[in-house]
Amino acid sequence: MLVITRDPAPDVLRGFALWGIVLVNVAYFSSSVDSGVTADALVTTGDSVAAFLIFALAQGKFYLIFSFLFGYSSHYVLGSASGGRRRWWLRGVGLMVLGLAHASLLFIGDILFLYGLLGLLLLGLYAQPRRVLIRWGAWIYGVFTALALAVVALTALAEAQGLSPAVESSPTARAYEAAVVSDNYLAAIPARVDFWVSEAIFVVLFQGALTFVAFLMGVLASRWGALTSSGLSRNQLQKMMGWGLGLGLGLQVLFAGVWVVTMTSATPSVALELGAFFGSWVTAPLLSVGYVGLVLTVVRARPAALAWLGAMGRMSLTVYLGQSLLLNVIFGGWGLGLYQQLPYWLAVLVSIAVTLVLAAVANLWLRRFRQGPMEWLLTAWSRLGGPTGR
């Protein structure tokens, strides 16, 4: 009988990415449902240090790793000769439904709907030659970068002419915030839906661009088994770490410093803030590559050391939704009601504690069960498309 061994690296990387994602997301639960980290949240030196570290090390980096892994995993479904495309289509629809539920009930910063939507678009490119995927990725990244530069340039021009744009919360954001701090959970649902709908176009166009590029890079990496034990050479991993943890980290530290100084300035510049923000996003893939190289190096040298992250990765959907649920209970008015009550640095520590709890639950759960509960649900739905692969 043929025994298929599950490669540990993708699961470990998913677990690793979940840590970075919650570090970024907690600001939208604890500080501002609209803007995440704001100048008002940076009250103490501890808050500023926490914001600097999250901006430099996490923001925009870990969701790219997660997206890359989504594209990488497409190989195990779309590469199947038995109903793979239909199962992938059903999986995309299932993710969109889960995303709508997640955005309506827990967190408007949901990525599941976006993954489901872009996953369906991936069907049209999955089988294309390498050069076509690279060309699409380069064009999308190039257009995104050009638009980001245009926004920064126009904002700087407006400021130079004394027309500095005012940054204010939208009416839907204010309504949602009022619902979040109330003790009526059900009242927050329609306000959350209205806010999510108002932001959906921005999320698809802004976050979706680099997400889809990461999908395409994941597909390419899956073709040569980059995350297997023999996929990348030691020299290649060292180059990834060199560029990512060298130039990539250096750029992120620079942009984070500019961003924090601007946010805490008595005379902040919107153009500088946007420049640091977009600069961080368009260069984030460098540091993401460095993280991947580092994790793969550790997995090969000491696989047991990161096995607990692998359990989280195998239950990534359950853990992702679990993070939103627990942070809602902690910060929502219907729970402990700590929204805007904790210093930002302490909220970051709370997010770490939440993921530690979920990591322990994942490791205990997988001692008895093969899949997490949400993974089982999505697999059962996609199984309607035919035999499952991996």
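Before reading on, note that the structure itself is shown above.
Residues numbered from 1 in each chain as written. Predicted model: local features only at pLDDT ≥ 70, side-chain atom pairs only at ≥ 80, totals over all residues. Heavy atoms only, no water.

### Observations concerning the overall build of the protein chain
Okay, so step 1: Assigned secondary structure in the protein chain consists of 14 helices and 0 strands.
Okay, so step 2: Ordered by position from the N terminus, the helices and strands of the protein chain form the series α-α-α-α-α-α-α-α-α-α-α-α-α-α.
Okay, so step 3: Here the C-alpha atoms of the protein chain give a radius of gyration of 21 Å, agreeing with the 21 Å that 2.2 N^0.38 yields for 390 residues.
Okay, so step 4: For the protein chain, with 390 residues in total, the buried portion stands at 51%.
Okay, so step 5: Taking all contacts inside the protein chain whose residues are at least 6 apart in sequence as the whole, residues at least 24 apart take part in 83%.
Okay, so step 6: For the protein chain, the computed accessible surface area is about 18,300 Å², with 69% contributed by carbon and sulfur atoms.
Okay, so step 7: With 23 positive and 14 negative side-chain charges, the protein chain shows a spacing of 25 Å between the two charge centroids. (Helix = DSSP H or I, 4+ residues; strand = E, 2+ residues; numbered from the N terminus. Rg over C-alpha atoms; globule rule 2.2 N^0.38 Å. Buried < 20%, exposed > 50% of the residue type's maximum accessible area, 1.4 Å probe, protein only. Contact = heavy atoms within 4.5 Å. Areas by Shrake-Rupley, 256 points an atom, 1.4 Å probe, with all protein chains shown as cover. Lys, Arg positive; Asp, Glu negative; His and termini not counted. Charge placed at Lys NZ, Arg CZ, Asp CG, Glu CD.)

### Comments concerning helix H2 (residues 45-57)
Think of an α-helix as 3.6 residues a turn; residues three or four steps apart then line up on the same face.
Okay, so step 1: The terminal C-alpha atoms of H2, which comprises 13 residues, lie 18 Å apart, in line with the 18 Å expected from a rise of 1.5 Å per residue.
Okay, so step 2: Among the structural elements, helix H1 (8-30), helix H9 (234-263), helix H10 (270-301) and helix H13 (344-365) are those in contact with the buried residues of H2. (Expected span 1.5 Å × (residues − 1).)

### Quick word on the environment of Gly333
Okay, so step 1: With respect to the secondary-structure elements, Gly333 resides in the loop between helix H12 (316-331) and H13.
Okay, so step 2: Assessed through its relative accessible area of 19%, Gly333 is described here as buried.
Okay, so step 3: Considered as a pair, Gly333 and Ser265 are 68 residues apart in the sequence and their alpha carbons are 32 Å apart.
Okay, so step 4: Non-local contacts of Gly333, meaning those with residues more than four positions away in its chain, are made with Val180, Val181, Ser182 and Asp183.

### Points about the side chain of Ser269
Okay, so step 1: Take Ser269: it is sitting in the loop between H9 and H10.
Okay, so step 2: Given a relative accessible area of 17%, Ser269 falls into the buried group.
Okay, so step 3: Looking at Ser269, its side chain comes within polar contact range of the main-chain nitrogen of Leu272, at 3.1 Å.
Okay, so step 4: Non-local contacts of Ser269, meaning those with residues more than four positions away in its chain, are made with Glu159 and Thr262. (Polar contact = N/O pair within 3.5 Å; in protein donor to acceptor, adjacent residues only side chain to side chain.)

### A few points about helix H3 (residues 62-78)
Okay, so step 1: A rise of 1.5 Å per residue sets the reference length of H3, with its 17 residues, at 24 Å; its end C-alpha atoms lie 24 Å apart and thus fit the reference within 8%.
Okay, so step 2: For H3, the tally of buried residues reaches 15 of 17 residues, placing the bulk of the element in the interior.

### Observations concerning the packing of aromatic side chains
Okay, so step 1: Tallying each qualifying case throughout the model produces 26 aromatic pairs.
Okay, so step 2: Taking the centre distance of 5.1 Å and the plane angle of 25° together, the rings of Phe62 and Tyr291 count as stacked. A residue pair is termed long-range when its members are at least 10 positions apart, and Phe62 in helix H3 and Tyr291 in helix H10 qualify at 229 residues.
Okay, so step 3: Using a relative accessible area of 7% as the deciding quantity, one classes Phe62 as buried.
Okay, so step 4: Overall, Tyr291 belongs to the buried group, its relative accessible area being 11%.
Okay, so step 5: Through successive ring pairs, a cluster of aromatic residues spans Tyr63, Phe144, Phe202, Phe206, Phe277, Phe278 and Trp281. (Phe/Tyr/Trp six-rings, centres within 6.5 Å; stacked < 30°, edge-to-face > 60°.)

### Quick notes on unusual backbone geometry
Okay, so step 1: You will see that Gln340, though not glycine, has its phi angle at about 60°, which is positive.
Okay, so step 2: Within the secondary structure, Gln340 sits in the loop between H12 and H13.
Okay, so step 3: Overall, Gln340 belongs to the partly exposed group, its relative accessible area being 47%.

### Thoughts on the pattern of salt bridges
Oppositely charged side chains can pair when the atoms bearing their charge come close.
Okay, so step 1: This structure, assessed with the given rule, holds 1 salt bridge.
Okay, so step 2: Residues Asp11 and Arg14 are paired through a salt bridge, measuring 3.0 Å at the closest nitrogen-oxygen approach. On the criterion of helical spacing, the pair formed by Asp11 and Arg14 is a turn pair, its members being 3 residues apart in helix H1. Neither Asp11 nor Arg14 differs from the other in exposure class; each is buried. (Salt bridge = Lys/Arg side-chain N within 4 Å of Asp/Glu carboxyl O.)

### Digging into the packing of H3 against helix H4 (residues 84-105)
Okay, so step 1: Direction vectors running N to C along H3 and H4 enclose 135°, while the axes themselves pass 8 Å from each other. Between H3 and H4, the interaxial angle falls into the category oblique. Here Phe70, Ser74, Val77 and Leu78 of H3 come into contact with H4, specifically with Gly84, Arg85, Arg87, Trp88 and Leu95. (Axes fitted to C-alpha atoms, helices over the stretch in contact; angles between N-to-C directions. Parallel < 35°, antiparallel > 145°, perpendicular 65-115°, else oblique.)

### Focus: a nonpolar patch on the surface
Okay, so step 1: A cluster of nonpolar residues, Val49, Leu53 and Leu57, forms a patch on the protein surface that exposes about 230 Å² of accessible area.
Okay, so step 2: With respect to the element layout, Leu57 can be found in helix H2. (Patch = residues over 30% accessible without salt bridge, like charges linked within 9 Å, V, L, I, M, F, W, Y side chains within 5 Å.)

### Re the environment of Gly335
Okay, so step 1: Summarising the element assignment, Gly335 is placed in the loop between H12 and H13.
Okay, so step 2: Classification of Gly335 by relative accessible area gives partly exposed; the value is 32%.
Okay, so step 3: Residues Gly335 and Phe195, 140 residues apart in the sequence, show an inter-C-alpha distance of 21 Å.

### Topic: the environment of Thr228
Okay, so step 1: In this structure, Thr228 sits in the loop between helix H8 (185-223) and H9.
Okay, so step 2: Judged by relative accessible area, Thr228 falls into the partly exposed class, the value being 22%.
Okay, so step 3: A C-alpha to C-alpha distance of 34 Å links Thr228 and Ala103, two positions 125 residues apart in sequence.
Okay, so step 4: In this structure, Thr228 is in contact with Asp7, Tyr72 and Arg300, ignoring residues within four places of it in sequence.

### Re the packing of H2 against H13
Okay, so step 1: Closest axis-to-axis distance for the H2/H13 pair is 7 Å, and the angle between their directions is 50°. Relative to H13, the element H2 is oriented oblique. Mapping the contact onto sequence places Gly46, Asp47, Ala50, Ala51 and Ile54 in H2 and Tyr344, Trp345 and Val348 in H13.
Okay, so step 2: Among the residues making up the contact of H2 with H13, the classes are represented as 6 nonpolar, 1 polar and 1 charged. (Nonpolar A, V, L, I, M, F, W, Y, C, P; charged D, E, K, R; others polar.)

Keep in mind these numbers describe shape, not what the thing actually does.
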